[in-house]
Amino acid sequence: MKGRLVARYGLLTALAMVLSYIETLIPLSFAVPGVKLGLANLTVIFALYRLGPKPAAALSLLRVALVSFTFGNAYSFWYSLAGAVLSFLIMALLRRQDWFGELGVSVAGGVCHNIGQIAVAAIVLRSTAAAYYLPVLLLSGVLTGMAVGAAAAVLIRRIPPFER
Amino acid sequence: MKRWRRDLLLIALLLAAALTLFLLPRPSAAGAAVLVLQDGEEIGRYPLSEDRTVSIGEEAYNLLTIKNGAAAVTEANCGDHTCVRTGWIDRTGEQIICLPHRLMIKVVGGGSSDWDAVAW
Ligand SMILES: [Zn+2]
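Please read these numbers as outputs of a predicted model, since none were measured by experiment. (Residues numbered from 1 in each chain as written. Chains lettered and ligands numbered in written order. Predicted model: local features only at pLDDT ≥ 70, side-chain atom pairs only at ≥ 80, totals over all residues. Heavy atoms only, no water.)

**Student:** I'd love a proper account of the overall build of chain B, names of residues and values included.
**Tutor:** Per the secondary structure count, chain B includes three helices and seven strands. For chain B, the N- to C-terminal ordering of α and β elements is α-β-β-β-β-β-α-β-β-α. With 120 residues in all, chain B has 42% of them scored as buried. Considering only residue pairs separated by 6 or more positions, chain B has 35% of its internal contacts joining residues 24 or more positions apart. Just so you have it, chain B exposes about 6,400 Å², and 56% of that area is on carbon and sulfur atoms. (Helix = DSSP H or I, 4+ residues; strand = E, 2+ residues; numbered from the N terminus. Buried < 20%, exposed > 50% of the residue type's maximum accessible area, 1.4 Å probe, protein only. Contact = heavy atoms within 4.5 Å. Areas by Shrake-Rupley, 256 points an atom, 1.4 Å probe, with all protein chains shown as cover.)

**Student:** Would you mind going over the coordination of the zinc ion in detail, with residue names and values included?
**Tutor:** All names here are of chain B. Coordination of the zinc ion by the protein is provided by Cys78 (SG), Cys83 (SG) and Cys98 (SG), with metal-donor distances spanning 2.2 to 2.3 Å. Binding-site remark: the zinc ion is held by donors from one chain whose sequence spacing is C-x4-C-x14-C. The same class applies to cysteine 78 as to cysteine 83, namely buried. (Donors = N, O, S within 2.8 Å, 3.2 Å for Na, K, Ca; no water.)

**Student:** Give me the pairing of strand S7 (residues 103-108) of chain B: which residues, what numbers.
**Tutor:** Residue and element names in this part refer to chain B. Within S7, six of the six residues are buried, which leaves the element mostly enclosed by the surrounding structure. Of the two faces of S7, the one carrying Leu103, Ile105 and Val107 and the one carrying Met104, Lys106 and Val108 are both buried. Two elements, strand S1 (residues 33-38) and S7, share six bridges in a ladder whose sense is antiparallel. Among the inter-strand pairings, leucine 37 is bridged to a residue of S7, identified as methionine 104. (Pairing = 2+ DSSP bridges.)

**Student:** I'd love a proper account of the environment of B:Cys83, names of residues and values included.
**Tutor:** Residue and element names in this part refer to chain B. Position of cysteine 83 among the secondary structure elements: in helix H2 (residues 82-86). With relative accessibility at 1%, the residue cysteine 83 sits in the buried group. With 20 residues separating them along the chain, cysteine 83 and leucine 103 place their C-alpha atoms 9.2 Å apart. Residues contacting cysteine 83, with those up to four places away along its chain left out, are Asn62, Val73, Ala76, Cys78, Ile96, Ile97 and Cys98.

**Student:** Can you break down the packing of aromatic side chains residue by residue, with the values?
**Tutor:** A ring pair, where both rings are aromatic, is described by two values, the distance of the centres and the angle of the planes. For the structure on display, the rule yields one aromatic pair over all chains. Residues A:Phe77 and A:Trp78 carry aromatic rings whose centres are separated by 5.2 Å and whose planes lie at 70° to one another, so their mutual orientation is edge-to-face. (Phe/Tyr/Trp six-rings, centres within 6.5 Å; stacked < 30°, edge-to-face > 60°.)

**Student:** Requested: an account of the pattern of salt bridges, with residues and values cited.
**Tutor:** Tallying each qualifying case throughout the model produces six salt bridges over all chains. Residues A:Arg157 and A:Glu102 are paired through a salt bridge, measuring 3.0 Å at the closest nitrogen-oxygen approach. Here A:Arg157, found in helix H6 (residues 134-158), pairs with A:Glu102, found in helix H5 (residues 102-124); they are 55 residues apart in sequence, far enough to count as distant. The exposed category is assigned to A:Arg157, whose relative accessible area is 58%. Its relative accessible area of 10% is what places A:Glu102 among the buried residues. In this structure, B:Arg52 engages B:Glu50 in a salt bridge whose closest nitrogen and oxygen atoms are separated by 3.2 Å. Classification of B:Glu50 as partly exposed rests on a relative accessible area of 41%. (Salt bridge = Lys/Arg side-chain N within 4 Å of Asp/Glu carboxyl O.)

**Student:** Describe empty space enclosed by the protein, listing the residues and the values that go with them.
**Tutor:** Residues and elements named next belong to chain A. Evaluated as defined, the whole model comprises two cavities of 30 Å³ or more. Taken as a whole, the largest cavity spans an internal volume of roughly 110 Å³. Forming the walls of the largest cavity are 19 residues, and the residues nearest its centre are Gly38, Asn41, Ser87, Gly110 and His113. Elements with a minimum of two residues in the lining of the largest cavity: helix H2 (41-50), helix H3 (53-71), helix H4 (74-97), H5 and H6. In terms of residue class, the lining of the largest cavity is made up of seven nonpolar, ten polar and two charged. (1 Å grid on protein atoms, 1.4 Å probe; cavity = no way out; pocket = protein on both sides within 12 Å on 5 of 7 lines; lining within 4 Å. Points joined across faces, edges and corners; volume = space filled by probe spheres on them. Nonpolar A, V, L, I, M, F, W, Y, C, P; charged D, E, K, R; others polar.)

Given below as structure tokens:
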């Protein structure tokens, strides 16, 4: 039972790491450099629906830490952390309120992910110029969110329960 | 059961917001110089009209190249290399950011006092 729990978390974390790695290959370099697509949100949404908010939060934080130590640096850590925390909070809230389906939750999360990152960029660079890229980031957040949300909706329904 | 309708409404609203922001006037004139900022402080300003290379920093290293009226970071040891991948910039307001080195390079307009207004 304990072993299965560990294996389950390990699997989701590994999946999040793979998706994060894929993201580093597709940087939004035309926008604010360093900003990532948010593909790893797929695992967070899956965890949010199937395991609950606490495991999802743990997964999200674990992913940010592991990815930053593996592929990033101190700055990308704060960058990703801000995006992940803001995104997670809004997704957990929307999930609880049950106003939206997976698609809406994912899109809101994607947009917040990008807003969180841009906010840290504005603080680090002491410049509001980062806001210049807000429309691009908003658009990419919506598009990535839609793709991730659609995929998550399928996975949440199709993957057989592994709770027991 | 109507949650998917709300999903679509949310998506439509966010797309409308993005579109509105896109349509707001944005600087696009060819710039006159590049401004180099580290930690938000100006550490250099170079005209785009003269070809040159500027090496910024030693441990945290970025090579700024100005050529044919455009600027790019052509070498860096920052790890993520997003600054290098940004490529050439020459329009007022365009910028290259190297977050690991807390560096921002941006194209500014001709005058020395109006750049803030032009590029935000
Ligand atoms: Zn760099």
